[in-house]
Amino acid sequence: NSDVCTKYQEASKIINLTLTGLVSQSVAGAKIIDLCQFGTTVIDSQVGKLYNKKVNGVAVEKGVAFPVCISVNEVICNHSPLPTEENAELKVGDIVKIDLGCHVDGYIAVAAHTLVVAETAESVPADVPDDLGNVAVAAYNAMLIAADAIRAGATNTDVTKVVERVASNYGVNTIATVRMHQMKRFVMDGVKEVALKEPTPEDIDEGEEPVPECTFEQAEVYAIDVAMTTGDGKVRPADLRTTVFKRNVEANYRLKMKASRYVLTEVDKKYPTLPFTLRHFDDERQAKMGITECVNHGLLMPYPSLIEKNDAKVAHFKCTVLLLPSGTNKVTGLPMPAYFKTDKEPDEETAKIIKEITEREEKKARKKAAKKAKKKGKK
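Notes on the structure follow.

1. What to know about the sheet that holds strand β12 (residues 300-302)
Part 1 of the argument: Strand order in this open sheet of three strands is β11-β10-β12, and the pairing throughout is antiparallel. Both outer strands of the open sheet, β11 (276-277) and β12, are each paired with one neighbouring strand and no more.
Part 2 of the argument: With three bridges connecting them, strand β10 (residues 244-247) and β12 associate as antiparallel partners. Bridge pairing links Lys246 to Met301 in β12.
Part 3 of the argument: Here helix α6 (residues 258-270) sits on the sheet and contacts β10, β11 and β12; the angle it forms with β10, its principal contact strand, is near 70°.
Part 4 of the argument: Contacts between helix α7 (residues 284-296) and the sheet are confined to β10 and β12, with β12 contributing the most and set at about 100° to the helix.

2. Topic: the layout of surface pockets
Part 1 of the argument: There is about 1,600 Å³ of room inside the largest pocket.
Part 2 of the argument: As for the largest pocket, its lining consists of 35 residues, and the residues nearest its centre are Asn329, Lys330, Val331, Glu361 and Lys364.
Part 3 of the argument: For the lining of the largest pocket, the elements supplying multiple residues, two or more each, are α1 (2-25), α3 (130-149), β14 (314-324), β15 (327-330) and α8 (348-378).
Part 4 of the argument: When residues in the lining of the largest pocket are grouped by element, the largest group, 12 residues, is from α8.
Part 5 of the argument: The class makeup of the residues in the lining of the largest pocket is 12 nonpolar, 11 polar and 12 charged.
Part 6 of the argument: Considered as a void within the structure, the second largest pocket measures approximately 1,000 Å³ in volume.
Part 7 of the argument: Taken together, 31 residues form the lining of the second largest pocket, with Thr177, Val178, Arg179, His181 and Leu306 sitting closest to its centre.
Part 8 of the argument: Within the residue set of the lining of the second largest pocket, elements represented by two or more residues are β6 (179-183), β8 (221-229) and β14.

3. Some words on the pattern of salt bridges
Once the charged atoms of two side chains with opposite charge are near each other, the side chains can pair.
Part 1 of the argument: One pass over the structure, following the stated rule, counts 28 salt bridges.
Part 2 of the argument: Notably, a salt bridge pairs Asp105 with Lys7, separated by 2.7 Å at the nearest N-O pair. Taken together, the residues span a long stretch of sequence, with Asp105 in the loop between β3 (95-104) and β4 (107-116) and Lys7 in helix α1 at a distance of 98 residues. Assigned by exposure class, Asp105 and Lys7 land together as buried.
Part 3 of the argument: Salt-bridge contacts for Asp203 lead to Lys234; the nearest nitrogen and oxygen are separated by 4.0 Å. On the criterion of sequence distance, the pair formed by Asp203 in helix α5 (residues 201-205) and Lys234 in the loop between β8 and β9 (236-237) is long-range, its members being 31 residues apart.
Part 4 of the argument: Looking at Asp203, the relative accessible area reads 5%, which means it is buried.

Calculation notes
Residues numbered from 1 in each chain as written. Predicted model: local features only at pLDDT ≥ 70, side-chain atom pairs only at ≥ 80, totals over all residues. Heavy atoms only, no water. Pairing = 2+ DSSP bridges. Helix = DSSP H or I, 4+ residues; strand = E, 2+ residues; numbered from the N terminus. Contact = heavy atoms within 4.5 Å. Axes fitted to C-alpha atoms, helices over the stretch in contact; angles between N-to-C directions. 1 Å grid on protein atoms, 1.4 Å probe; cavity = no way out; pocket = protein on both sides within 12 Å on 5 of 7 lines; lining within 4 Å. Points joined across faces, edges and corners; volume = space filled by probe spheres on them. Nonpolar A, V, L, I, M, F, W, Y, C, P; charged D, E, K, R; others polar. Salt bridge = Lys/Arg side-chain N within 4 Å of Asp/Glu carboxyl O. Buried < 20%, exposed > 50% of the residue type's maximum accessible area, 1.4 Å probe, protein only.

Right, here's the structure in full:
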């Protein structure tokens, strides 16, 4: 209904605003922890302006839906450090992947973006490697094509095929562990999901599970999540502390340690369904002590930082789409940085779809500008 759509739109505006701010702040000398805290502060301050009237005596929940993560170079995702443990600074030429989520009343919007660090927000990175430009263009185009392919009546295998086609055309590999997910109220990873590639018999032998086929329906919401690499796409956990977790609502266990009980009580009270970071706890020391027992007994699910080979280039882009009666509406995500370029041309089908998407976006922008001018003229 319109109220639900409005909440998705508000969460999306906050995500795009926060992401824009993070991009401008991601310059040489910026500390990763400061960027994570900056993004969290923007989300919290913006949601604080919305829906402050209680509904049936209950406050509307809103805030971070997925912790702000800043993953650099071969680290692919989920890096959200603690202030007491890491003060790493960005350097010119670093490849930065930003990932974040926001919700308003449980209605979630997410996005991810890839950039190259420059000296200042106004300067353009020099000498962007050709292979990085190529994998970034591939990942971004695959996200656009996948978002266009997710429509009522289509299947997840249809989307997997178009992503595989784009990756093959640009000569790069998808990150096998990354999946697109349906999102529901207070649920980031719904039952319906989309693989970036069909697992091979070798992948299945190594433990990867095939994704069951599903059909998309009107009024659904999806996170279009695409990560690609110049490496082989087979990633491993990084040698970094895992700080992002999510409650497993189906598990129960009588915890023995006081610190563990503190963690679980805080999680059940503040983060009962959505991912969180240890950075959000008032007592970080207790949180670090208690998290292990909670994970060992399946009460919390970890989101470890994932890493590619040192010489591999990785690009990660994500957007949120709403399947409306009028069609699929992409509501989050920033344009790809113009300095990402490639000599490779998209295949004919991909080029045709990208042209159609561009024309739609230009038409929408003109309509929005005309509406704004008309409103300004009335004042």
